[in-house]
Amino acid sequence: MTTDDLEIFLVAPPGLEPFLADEARAAGFATPKVSPGGVTTRGTWSEVWRANLTLRGATRVLVRLGEFRAFHMAQLDKRARKFPWADVLRPDIPVRVEAVCKRSKIYHHKGAAQRVERAISETLGAPISKDAALVIKVRIDDNLVTISLDSSGESLHKRGHKTATGKAPMRENLAALFLRAAGFDGEEAVLDPMCGSGTFLIEAAEMTAGLLPGRDRSFAFEKLASFDAEAFAALKKAQASTTSTNVRFFGSDRNAGAIANSQKNAESAGVAAMCQFSEASISDICRPDTEPGLIIVNPPYGARIGNKKLLFALYGTMGKVFQERLKGWRVAIITSDGGLAKATGLPFLPPGPPIDHGGTKVKLYQTAPLK
């Protein structure tokens with residue numbers, strides 16, 4: 001296993017892999033390649049740290065440690081004992097193993113995980129714990145055993161500074177990728193008229209301000225033998241850049257609790273000065289006093305919250321308000337229902353691929369600037 005050229009797999013929400021690849025490319029990661037469920041790149045351990053710290057769209061960052069063939073449990077046991085665990089793991093840090101078996105002679109995933117766990121504990125001395133933050137992932141596919149490490153720990157959508165959420169929240173990494181898919185470049189105003197806990201606006205404001213998504217949290221890689229705290233601190237310092245900005249982010253919601261949550265979350269993220277939240281229903285939206293930008297909204301869509309018949313009226317009102325009051329703005333709507341999107345009467349471009357949002361397949365419907 002060479003630590004200067006690791007295969008790094010950036011896990012993405014299915015359907016949004018190309019946008020994570022765009023983000024990784026823009027951030028200078030080596031030749032990001034799209035594959036189902038994520039993006040592959042290569043680099044050193046410091047690139048693993050950087051991916052966790054800086055990529056807004058990734059769900060987690062996996063590192064491929066090595067692979068070998070095994071046709072039965074005894075062979076898996078023997079080869080797992082020869083694996084260079086000490087290069088990566090520390091003997092004093094608990095670890096757990098998750099295994100998946102496909103089209104292989106070894107088909108019992110729990111048994112396979114136990115064999116690898118025993119090999120680690122008996123050769124390295126590391127304790128095995130079902131609650132361990134460090135996870136080794138074993139994939140046995142066509143009798144090829146691939147060993148990877150989850151370098152992130154908790155899912156990367158947990159930025160570490162969001163305190164208040166409402167019902168049906170949008171995950172931060174999903175919001176960041178939807179913003180990218182909608183052409184947000186960090187230079188324009190954003191309006192979310194159903195802002196919930198403020199996720200779209202806070203992500204957009206952080207992108208504009210150059211704030212690192214992982215600045216307020218810890219990661220599993222900090223518990224590895226390969227971790228260098230001083231080098232990571234230097235990387236964090238070098239990556240951090242805040243730009244002063246006059247761009248503003250506008251959020252409204254008819255629910256007073258949602259507005260209070262948005263305000264609280266913007267404050268803890270350090271972007272409250274860039275965001276303006278107000279309690280208002282869709283029909284009361286006013287045009288912001290700024291150059292036209294992006295309207296992005298994740299309205300209820302029946303499968304999630306609300307009764308579908310009432311929703312057609314809501315979408316109709318939304319489309320009418322946007323066309324009458326927000327000429328020059330682009331619209332991006334996330335919904336699971338093409339009929340509801342059509343009810344807005346907005347001139348949508350062909351929608352993107354289906355994307356999994358909390359078990360519901362949604363699509364991003366976008367317009368050109370409204371005329």
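To be clear, the structure that these remarks concern was listed above.
The rules we used
- Residues numbered from 1 in each chain as written.
- Predicted model: local features only at pLDDT ≥ 70, side-chain atom pairs only at ≥ 80, totals over all residues.
- Heavy atoms only, no water.
- Helix = DSSP H or I, 4+ residues; strand = E, 2+ residues; numbered from the N terminus.
- Rg over C-alpha atoms; globule rule 2.2 N^0.38 Å.
- Buried < 20%, exposed > 50% of the residue type's maximum accessible area, 1.4 Å probe, protein only.
- Contact = heavy atoms within 4.5 Å.
- Areas by Shrake-Rupley, 256 points an atom, 1.4 Å probe, with all protein chains shown as cover.
- Expected span 1.5 Å × (residues − 1).
- Arc of directions from axis to C-beta.
- Phe/Tyr/Trp six-rings, centres within 6.5 Å; stacked < 30°, edge-to-face > 60°.
- Axes fitted to C-alpha atoms, helices over the stretch in contact; angles between N-to-C directions.
- Parallel < 35°, antiparallel > 145°, perpendicular 65-115°, else oblique.
- Left-handed = near helix turned anticlockwise from the far one by under 90°.
- Core = buried A, V, L, I, M, F, W, Y, C linked by side-chain atoms within 4.5 Å.
- Pairing = 2+ DSSP bridges.
- Right-handed = clockwise from strand over helix to strand, strands pointing away.

Quick look at the overall build of the protein chain
And then number 1: The helix and strand inventory of the protein chain stands at 10 helices and 14 strands.
And then number 2: In terms of overall dimensions, the protein chain is globule-like: its C-alpha atoms have a radius of gyration of 23 Å, near the 21 Å expected for 371 residues.
And then number 3: In terms of overall dimensions, the protein chain has a C-alpha envelope of 70 × 45 × 35 Å along the principal axes.
And then number 4: The buried share of the protein chain, reckoned over its 371 residues, is 51%.
And then number 5: Of the contacts made within the protein chain by residues no fewer than 6 positions apart, 78% connect residues no fewer than 24 positions apart.
And then number 6: Surface accessibility of the protein chain: about 16600 Å² in total, with carbon and sulfur atoms responsible for 51%.

A word on helix α9 (residues 308-325)
And then number 1: Look at α9: 26 Å from first C-alpha to last across 18 residues, which is about the 26 Å you get at 1.5 Å a residue.
And then number 2: Every buried residue belonging to α9 is among L311, Y315, M318, G319, V321 and F322, and all of these are buried. The buried residues of α9 all sit within an arc of 165° when viewed along its axis, so they share a single face. Across from the buried face of α9, at angles greater than 90 degrees, the exposed residues are K309, L310, A313 and K320.
And then number 3: Lining the buried residues of α9 we find β11 (294-297), β12 (330-335) and α10 (338-343).

So, the packing of aromatic side chains
And then number 1: The final tally for this structure, using the stated rule, is 12 aromatic pairs.
And then number 2: Here F184 and F249 contribute two aromatic rings whose centre-to-centre distance is 6.4 Å and whose plane-to-plane angle is 70°, an arrangement assigned as edge-to-face. Highlighted residues: F184 in the loop between α5 (172-181) and β8 (190-192) and F249 in strand β9 (residues 249-253), separated in sequence by 65 residues.
And then number 3: The exposure class of F184 is buried, given its relative accessible area of 8%.

Topic: the packing of helix α3 (residues 73-82) against helix α4 (residues 109-123)
And then number 1: Where α3 meets α4, the axes come as close as 9 Å, and the angle between the chain directions of the two elements is 30°. What the angle tells us is that α3 and α4 run roughly parallel. Two packed elements cross with a definite hand, and for α3 against α4 that hand is right-handed. Of the residues in α4, those in contact with M73, A74, L76, D77, A80 and R81 of α3 are G111, A112, R115, V116, R118, A119, E122 and T123.

Focus: the nonpolar core
And then number 1: Counting residues in each nonpolar core, the largest one holds 111 residues, and the members touching the most others are W45, L89, I120, I136, F178, F249 and F322.
And then number 2: Ignoring any residue separated from it by four or fewer positions in sequence, one finds I136 in contact with L65, W85, L89, V95, R96, V97, E98, I120, I147, S148 and L149.

Comments concerning the pairing of strand β6 (residues 134-141)
And then number 1: Counting buried residues along β6, 6 of its 8 residues qualify, which places the element largely inside the surrounding structure.
And then number 2: Pairing of strand β5 (residues 95-102) with β6, which is carried by 8 bridges, proceeds in the parallel orientation. Looking across to β6, one finds that A99 is bridged to V138.
And then number 3: Handedness of the β5-α4-β6 crossover: left-handed.
And then number 4: The sheet contact formed by β6 and strand β7 (residues 144-150) spans 7 bridges and is antiparallel. Bridged to V135 within β7 is D150.
And then number 5: Between the antiparallel neighbours β6 and β7 lie 2 residues, among them D142 with a positive phi of about 55°.

So, the pairing of β12
And then number 1: By the criterion of burial, β12 is predominantly enclosed, with 6 of the 6 residues buried.
And then number 2: Burial along β12 is two-sided: the residues R330, A332 and I334 and V331, I333 and T335 are all buried.
And then number 3: Pairing of β11 with β12, which is carried by 4 bridges, proceeds in the parallel orientation. Bridged to I296 within β12 is A332.
And then number 4: Pairing of β12 with strand β14 (residues 360-366), which is carried by 4 bridges, proceeds in the antiparallel orientation. Of the residues in β14, the one forming a bridge with T335 is K363.

Brief notes about the sheet that holds β6
And then number 1: One open sheet accounts for 7 strands, arranged β2-β3-β1-β4-β7-β6-β5; its pairing is mixed. Each edge of the open sheet is held by one strand with a lone partner, namely β2 (30-35) and β5. Going across the sheet, the axis of each strand differs from the next one's by a mean of 30°, ignoring polarity.
And then number 2: Strands in contact with helix α1 (residues 17-26) are β1 (6-11), β2 and β3 (38-43); relative to β2, the strand with the most contacts, it is inclined by about 175°.
And then number 3: Helix α2 (residues 45-54) contacts β1, β3, β4 (60-69) and β7 of the sheet and is inclined by roughly 140° relative to β4.

Regarding the sheet that holds β9
And then number 1: Spatial strand order, β10-β9-β8-β11-β12-β14-β13: 7 strands in an open sheet with mixed pairing. Bordering the open sheet on either side are β10 (275-279) and β13 (355-357), each of which pairs with just one other strand. Across the sheet, the mean angle from the axis of one strand to that of its neighbour is 25°, orientation sign disregarded.
And then number 2: Where helix α6 (residues 199-209) meets the sheet, its contacts fall on β8, β9, β10, β11 and β12, and the angle it forms with β9 comes to roughly 170°.
And then number 3: Each of β9 and β10 touches helix α8 (residues 256-269); the most contacted strand, β10, lies at about 165° to it.

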